[in-house]
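Single-letter residue listing:
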Amino acid sequence: MLILTAKEIRAVENKAFSGGFTEEELMKSAGTACFRKMLKYYEVEGKTVAVVCGNGKNAGDGFVIAKLLKEVGANAHIVLADKAPELPEPLLYYNEALESEVEVFSFEDYAYDCDIIVDCIFGIGFHGEPRAPFDRVFDAVNESPATVVSIDTPSGTDATTGAVINAVRADLTIAISTLKYAHVLPPANEYCGKVVCVNIGIPESCYASGYAQTITKESVKACFKPRAKNSHKGSFGHQLNICGSYFMPGAAVIAANAGLRSGAGLVKCAFPKSVYPVMTSHLIQTLFKPLCENESKTISIGALNDITEELSWASSVVLGCGIGNNDDTQVVTAQVLKTCEVPLILDADGINVCACGIDILSDRSAPLVITPHPAEMGRLIGESAAYVQENRVEVAKAFAKENGCVVVLKGANTVLTDGSEVFINTTGNAGMAMGGTGDMLAGMIGAFAAQGMNIFDASKCAVYIHGVCGDVAASELSQRGMTVNDMLSVLGAVMSDFE
């Protein structure tokens, strides 16, 4: 599904208007579609429903909804957040609602003692901080025990940036025509509740190319080809994981298991030799390459010759999960970047090492994926994690373009970009906010790349399926009770949906 900014959706609507549609028609179509979608989620007959409206065009959708709710037996009220509409199209539907005997209240006179509140206060044009009286309206809606349905975006959220100062918190948000960035970017996505989309009849020809998109199951499934009957282990690639250290051996174990369950033909683990007992007690299907280590029991520069030899064996390389950040691992990472010729997935400390000298990313020939969380991304660009969170798409896209790599900016609704295309993932949940999930993701990307996918498709598939594993684990065990091992345990079964 497409994800548009406010400017982009206005351009789409303008094309629709130039093609013969009128503002009045689209407004009625939007209100009607949202009303019908509401009926799929809520029983409204006999219920008191307050449709809270501002004085802009978004209010017109609300007036249409209020009239339709009245017609199906709801006790529908229009609550004016400020004043009656003045624009011609909303005024038309306001008058129609009055003719249908929908009661109208001012927000000061309404008790919000109702079953459902429909939020039509602001549309996609809102940005900044709400002025009076809208700030008080937001507070009144949020303090009400009623179920809240926001139309298009929750009022008070910035549709383009996802910024929020004060906003309505919705239980259900009905996006009109397509998703907006407020639905997928923090912190606005926290205010949306469940997000569903309605088609209001704008032709596909009105949409240009190059918009951001969500990752869909169909697009992921299309990346997987059936396995040939006469395949052998060499048919599905050699994945080399240079991961782990004495203090973080689990990262290497998780990445290896993820690679195995994602279909890599052979997975080889290269790690500091002191970690050997942990690796061999947790992994039975992988190959092992113990390496020289330093006093910190991380990989030392003495292992460079062995690592270089292994690179010639590999179809993909995962580097960084739990390796630690010191002089030796910096040299090792720089050398791998310089000599690797197969897809390279750089995660965790591999990324942190690059923050010490970002130029090493340019001294490479391999296709590169980096998988930072916001703090790691911030270290790469010299900004705070908060800055990255406020500018997720722009930061990821700029870094990918400048460095010629694929960026997987992790977090709720992971951003994936090669500097040109942008995808935002909507699978996954807050139960995945724990150590080890990133190691699993890196291992999955490495496995898909080893099997021949290009790095962008490998990343897209891994991000989506990784989130599905989190959702399955949470449904079976709860978000608080799930672990990375639980996600790994369902990965094989989840993969069956993509064969």
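Refer to the structure printed above.
Each value, and the rule that gives it
- Residues numbered from 1 in each chain as written.
- Predicted model: local features only at pLDDT ≥ 70, side-chain atom pairs only at ≥ 80, totals over all residues.
- Heavy atoms only, no water.
- Helix = DSSP H or I, 4+ residues; strand = E, 2+ residues; numbered from the N terminus.
- Rg over C-alpha atoms; globule rule 2.2 N^0.38 Å.
- Areas by Shrake-Rupley, 256 points an atom, 1.4 Å probe, with all protein chains shown as cover.
- Lys, Arg positive; Asp, Glu negative; His and termini not counted.
- Charge placed at Lys NZ, Arg CZ, Asp CG, Glu CD.
- Phe/Tyr/Trp six-rings, centres within 6.5 Å; stacked < 30°, edge-to-face > 60°.
- Buried < 20%, exposed > 50% of the residue type's maximum accessible area, 1.4 Å probe, protein only.
- Lys NZ or Arg CZ within 6 Å of the ring centre and 35° of its normal.
- Core = buried A, V, L, I, M, F, W, Y, C linked by side-chain atoms within 4.5 Å.
- Contact = heavy atoms within 4.5 Å.
- Pairing = 2+ DSSP bridges.
- Axes fitted to C-alpha atoms, helices over the stretch in contact; angles between N-to-C directions.
- Parallel < 35°, antiparallel > 145°, perpendicular 65-115°, else oblique.
- Left-handed = near helix turned anticlockwise from the far one by under 90°.
- Nonpolar A, V, L, I, M, F, W, Y, C, P; charged D, E, K, R; others polar.

**Student:** Could you give an account of the overall build of the chain, with specific residues and numbers?
**Tutor:** When its secondary structure is counted, the chain shows 17 helices and 19 strands. Taken over C-alpha atoms, the radius of gyration comes to 26 Å for the chain, in line with the 23 Å a tight globule of 499 residues would show. The C-alpha extent of the chain, read off along each of the three principal axes, is 85 × 45 × 45 Å. Of the roughly 20,500 Å² of accessible surface on the chain, a fraction of 49% belongs to carbon and sulfur atoms. Placing the 37 positive and 57 negative side-chain charges of the chain at their respective mean positions leaves the two points 7 Å apart.

**Student:** If you had to explain the packing of aromatic side chains to someone new, which residues and values would you point to?
**Tutor:** Evaluated as defined, the whole model comprises 15 aromatic pairs. Seen in terms of ring centroids, phenylalanine 122 and phenylalanine 126 are 4.9 Å apart; in terms of plane orientation they differ by 50°. Their pairing is tilted. Between phenylalanine 271 and phenylalanine 288, the ring centres sit 6.1 Å apart and the planes meet at 75°, which makes this aromatic pair edge-to-face. Pair noted here: phenylalanine 271 is in strand S12 (residues 266–272) and phenylalanine 288 is in strand S13 (residues 287–291), with a separation of 17 residues, a long-range link. Among the residues examined, phenylalanine 271 registers a relative accessible area of 0% and is labelled buried. Residue phenylalanine 288 is classed as partly exposed on the basis of its relative accessible area of 26%. One aromatic cluster in this structure is built from Phe122, Phe126, Phe134 and Phe138. Across from the ring centre of tryptophan 313, 4.4 Å away, lies the NZ or CZ of lysine 268, which sits over that ring. Against the face of phenylalanine 423 rests lysine 460, its NZ or CZ located 4.8 Å from the ring centre.

**Student:** Describe the nonpolar core, and please don't skip the residues or the numbers.
**Tutor:** Formed by 59 residues in total, the largest nonpolar core has its most connected members in Phe224, Met440, Phe448 and Ile465. For this core, the secondary-structure elements that each account for two or more residues are helix H7 (249–261), S12, strand S17 (406–409), helix H15 (437–450), helix H16 (455–477) and helix H17 (484–495). Ranked by the residues each element gives to this core, the list is headed by H16, at 12 residues. If we ignore the near neighbours within four places in the chain, the residues touching methionine 440 are Ile254, Ala258, His466, Cys469, Val484, Met487, Leu488 and Leu491.

**Student:** I'd like a rundown of the sheet that holds strand S18 (residues 415–417), residues and numbers included.
**Tutor:** Read across the open sheet, the 12 strands follow the order S8-S1-S10-S19-S18-S17-S16-S15-S14-S11-S12-S13; overall the sheet is mixed. Of all strands in the sheet, those with a lone pairing partner are strand S8 (179–180) and S13, marking the two edges. In the sheet, strand S15 (residues 344–346) pairs with strand S16 (residues 368–370) via 3 bridges, with the strands oriented parallel. Bridge pairing in S16 places leucine 344 opposite leucine 368. Strand contacts of helix H9 (residues 304–311): strand S11 (238–242), S12, S13 and strand S14 (316–319), with the helix running at about 155° to S13, the strand carrying the most contacts.

**Student:** Account for the sheet that holds strand S6 (residues 147–151), naming residues and giving values.
**Tutor:** Strand order across the open sheet formed by 7 strands is S4-S3-S2-S5-S6-S7-S9, with parallel pairing between neighbours. The sheet is open, and its two borders are formed by strand S4 (103–106) and strand S9 (194–198), each paired with just one other strand. The sheet shows a mean angle of 25° between the axes of neighbouring strands, taken without regard to direction. Pairing analysis gives 6 bridges linking strand S2 (residues 48–53) to strand S3 (residues 75–80), with the strands arranged parallel. Bridging across to S3, cysteine 53 finds its partner in leucine 80. Packed onto the sheet, helix H3 (residues 57–71) meets S2, S3, strand S5 (116–120), S6 and strand S7 (172–176) and runs at close to 160° relative to S2.

**Student:** Tell me what's going on with the packing of helix H2 (residues 23–41) against H3, and back it up with residues and numbers.
**Tutor:** It is the contact of H2 with H3, at a shortest axis distance of 8 Å, that shows an interaxial angle of 50°. By the criterion of interaxial angle, the relationship of H2 to H3 is oblique. Like other packed secondary-structure pairs, H2 and H3 cross with a definite hand, here right-handed. Counting all contacts with H2, which are made through Glu23, Met27, Lys28, Ala30, Gly31, Thr32, Cys34, Phe35 and Met38, the residues of H3 involved are Lys57, Gly60, Asp61, Val64, Ile65, Leu68 and Leu69. The residue makeup of the contact of H2 with H3, split by class, is 9 nonpolar, 3 polar and 4 charged.

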